[in-house]
Amino acid sequence: MKEYMKADKVTDNIYWVGAVDWAIRDFHGYTTERGTTYNAFLIMDEKITLIDTVKGPFRDEMFARIESITPLDSIDYIISNHAEMDHSGALPETIERVKPEKVFASTMGGKALKAHFGNDFEIETVKTGETLSIGKNTLTFVETRLLHWPDSMITYVDGAKTLFTQDGFGMHLAGSNLFADDYSEEILEWEARKYYANILMPYSTKITQLLDSLPGLNLDIEYMLPDHGPVWKGEKNISWILGLYRKWAEQPPTKKAVVVYDTMWQSTEKMARAVAGGLSDAGITDIEVVHLGARDRSSLATLVLNAGALLVGSPTINNNIFPRVADSMTYLRGLRPNNLIGAAFGSYGWSGEAVKQLNEYLTATGVELVNEGFRVQYVPNEEDLNKCHAMGVEVGKALLEKVNNWNS
Ligand code: FEO
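(A) Spotlight on the sheet that holds strand β2 (residues 14-16). Strand order in the open sheet formed by 7 strands is β1-β2-β7-β8-β9-β10-β11, with mixed pairing between adjacent strands. Edge positions in the sheet fall to β1 (8-9) and β11 (124-126), since each has one partner strand and no second. The pairing of strand β9 (residues 77-80) with strand β10 (residues 102-106) spans 4 bridges and is parallel. Each bridged residue has a counterpart across the sheet, and for Y77 the counterpart in β10 is K102. Lying over the sheet, helix α4 (residues 107-117) contacts β9, β10 and β11, oriented at roughly 110° with respect to β10.

So this is what it looks like as structure tokens:
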């Protein structure tokens, strides 16, 4: 339990000394409806070692938690596994107050910290496989470039059998408990999936490479400690999250379809419902119909990660797609989901560019188009809705065939 301004014990000699951000709801465009934590950890050994820091405004919370077990100036080493501001924002002041003997980061981390802070403090750079003895424990560094920044690295502590994974295997989940066991599996799965979809999905190939390389590193892992959310303890929890990462990195096509739309005068909404009806009649049983006025882009990305089909609807407004659809499609294009099929639809008044533009977005996102899309002037009549239904059936059948081929 994270007591007020106190360190929380992870293992005999490792303490959580991070901060809980209960209030954050927008993490650079990612909706964090459960807040987050910025995890920093202290290893109490002959060389007292701090792993990462916290977002700048939370520095005093971290300092107080550290001081609940040891004076700030007793820290010897600081390891910066990741230079992004939510973990390094408090680093310059931490260095100023701690005056550590050494600060370590990857080669790219050293450059990134310099670029962020123009620092005059020395960074000792480390490469994959390099080790650092801190007394009873030895740290081993593994660079994980572009997971998810060029500087990212993970650090293994042998005596404690602990892997510090920075953003990897984390989630935005504020809470008073430290261990994943103390949260429901449903919340853990959703928040870990949301984190993967919104932060790590573009780097899925590198996730697979990392997962493939782990056995060869011969790490005996009893704890995985990410920089956000609860920590993973024990074989069952660690296998569970590693298995989910394996699946998300592969993104096999599933019998799940997402129909996402925005609407002006409910014409595109009627089309979306008819499309969803067609998917259902084709045999797709897991369908999410997402109105972008009701759900945000980061929840959409989370749904898409588990989907096999993405169908997008937008009215045309001033020769363009609707703003919220443009927002979400731009966002998804950057996240680069894999193995999706899809189609576009929408209503229009006189020029009707939206479906063509949606096709371009979907193609740029890597979505295989099942047809050329369907548009309706002003208000769909019964025949138009039948055509939308037929589009749903066509995509549904194509999806079932794709899933069967994938699994055969
Ligand atoms: Fe949690 Fe990439 O920072």
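(B) Structural detail: the pairing of strand β16 (residues 223-226). Residues Y223 and L225 of β16 are buried on one face, and the alternating residues M224 and P226, pointing to the opposite face, are buried as well. Relative to β16, strand β15 (residues 162-166) runs parallel, the two sharing 4 bridges. Across the sheet, residue L163 finds its bridge partner in β16, namely M224. In sequence, β16 turns back onto strand β17 (residues 232-233) through a hairpin of 5 residues, with G229 there showing a positive phi of about 80°.

(C) Geometry of the packing of aromatic side chains. Here the structure, examined in full by the defined rule, presents 10 aromatic pairs. Ring centres of W232 and W240 lie 6.0 Å apart, and the angle between their planes is 50°; on these two criteria the pair is classed as tilted. What makes W232 buried here is its relative accessible area of 0%. The partly exposed category is assigned to W240, whose relative accessible area is 23%. The ring centre of F63 lies 4.5 Å from the NZ or CZ of R97, which sits over that ring. Just above the ring of F179 sits the side chain of K233; from NZ or CZ to the centre is 5.3 Å.

(D) Geometry of the environment of V103. Position of V103 relative to the elements: it lies in strand β10. Spatially, the C-alpha atom of V103 lies 59 Å from that of V393, the residues being 290 residues apart in sequence.

(E) Structural detail: the pairing of β9. Burial along β9 is two-sided: the residues Y77 and I79 and I78 and S80 are all buried. Relative to β9, strand β8 (residues 49-51) is paired through 3 bridges, and the arrangement is parallel. For T49, the partnering residue across the bridge sits in β9 and is Y77. Read from β8 through helix α1 (residues 59-67) to β9, the crossover connection turns out right-handed.

Criteria and thresholds
Residues numbered from 1 in each chain as written. Predicted model: local features only at pLDDT ≥ 70, side-chain atom pairs only at ≥ 80, totals over all residues. Heavy atoms only, no water. Pairing = 2+ DSSP bridges. Helix = DSSP H or I, 4+ residues; strand = E, 2+ residues; numbered from the N terminus. Contact = heavy atoms within 4.5 Å. Axes fitted to C-alpha atoms, helices over the stretch in contact; angles between N-to-C directions. Buried < 20%, exposed > 50% of the residue type's maximum accessible area, 1.4 Å probe, protein only. Phe/Tyr/Trp six-rings, centres within 6.5 Å; stacked < 30°, edge-to-face > 60°. Lys NZ or Arg CZ within 6 Å of the ring centre and 35° of its normal. Right-handed = clockwise from strand over helix to strand, strands pointing away.

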